[in-house]
Amino acid sequence: RHNHYGIPEHLIFYDARRAETRVIDSHSLVNEDRRSLVRISPMGNTIAVLCRSCSTHSLVIYRREEGAGVGECPRLGWSRCKRIEPCCGFPDTTSYTYIQGDFSPCGGRLVYFCRGEVVARGEVITVNVRAVLKGHERAVTATPILHATIPHDTFVWDDNGFYLPTGTRGGVLCIGT
């Protein structure tokens, strides 16, 4: 699956314990400025890829099965478990110029903060990873929010909530309990 540039986007995994690198999957790439967003869960057994190319726009979840024969496996034990496309309930993120996302501390949820070029437009997408893997229909929610409330650089999610830079004098804001 190649784009009009003939350049595929590869999902590559490095197993530090085995000192091996393998291509887990390939996705077509349409726009160099809009690359897919890849996150790995805190436990290291789940990868989420927010594919942003036109031909493969979707959220793809991969799971890893550990075992004695993983080193001989062509993908080091990784397999594609679920793909959610816009027609199946996942929002279309191709119009957003900024997306930041991460797993929850337990790895059971994902959150994406999305922002477009239009000043007032933004969205928070939450994904219940466990529900997605079980095939539940309402595992993904998208909530429109004001552009100004979206983190500008990065955020950290731990058991106490989200920690975001405030943008003034190096302050940090905690949202949650």
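Now for a quick tour of the structure. (Residues numbered from 1 in each chain as written. Predicted model: local features only at pLDDT ≥ 70, side-chain atom pairs only at ≥ 80, totals over all residues. Heavy atoms only, no water.)

Notes on the pattern of salt bridges
Under the criterion given, the structure shown has four salt bridges. Residue Asp15 pairs with Arg18 through a salt bridge whose shortest N-O separation is 2.7 Å. Here Asp15 falls in the buried class, since its relative accessible area comes to 5%. In this structure, the salt-bridge partner of Arg64 is Asp15, at a minimum N-O distance of 2.5 Å. One end of the pair, Arg64, is in strand S5 (residues 58-64); the other, Asp15, is in strand S1 (residues 8-15), with 49 residues separating them in the sequence. In terms of burial, Arg64 and Asp15 fall into one category: buried. Overlapping salt bridges, with partners in common, bring together Asp15, Arg18 and Arg64 in one network. (Salt bridge = Lys/Arg side-chain N within 4 Å of Asp/Glu carboxyl O. Buried < 20%, exposed > 50% of the residue type's maximum accessible area, 1.4 Å probe, protein only. Helix = DSSP H or I, 4+ residues; strand = E, 2+ residues; numbered from the N terminus.)

Digging into the sheet that holds strand S12 (residues 161-165)
Spatially, three strands are ordered S11-S12-S13 in an open sheet, and the strand pairing comes out antiparallel. The open sheet has two free edges, formed respectively by strand S11 (156-158) and strand S13 (172-175), since each of these has just one partner strand. Averaged over all neighbouring strand pairs, the angle between strand axes comes to 20°, with direction disregarded. Sheet topology places S11 next to S12; three bridges connect them, and they run antiparallel. By the bridge assignment, Val156 is partnered in S12 with Tyr163. (Pairing = 2+ DSSP bridges. Axes fitted to C-alpha atoms, helices over the stretch in contact; angles between N-to-C directions.)

Everything listed here is a matter of geometry and, on its own, says nothing about what the molecule does.
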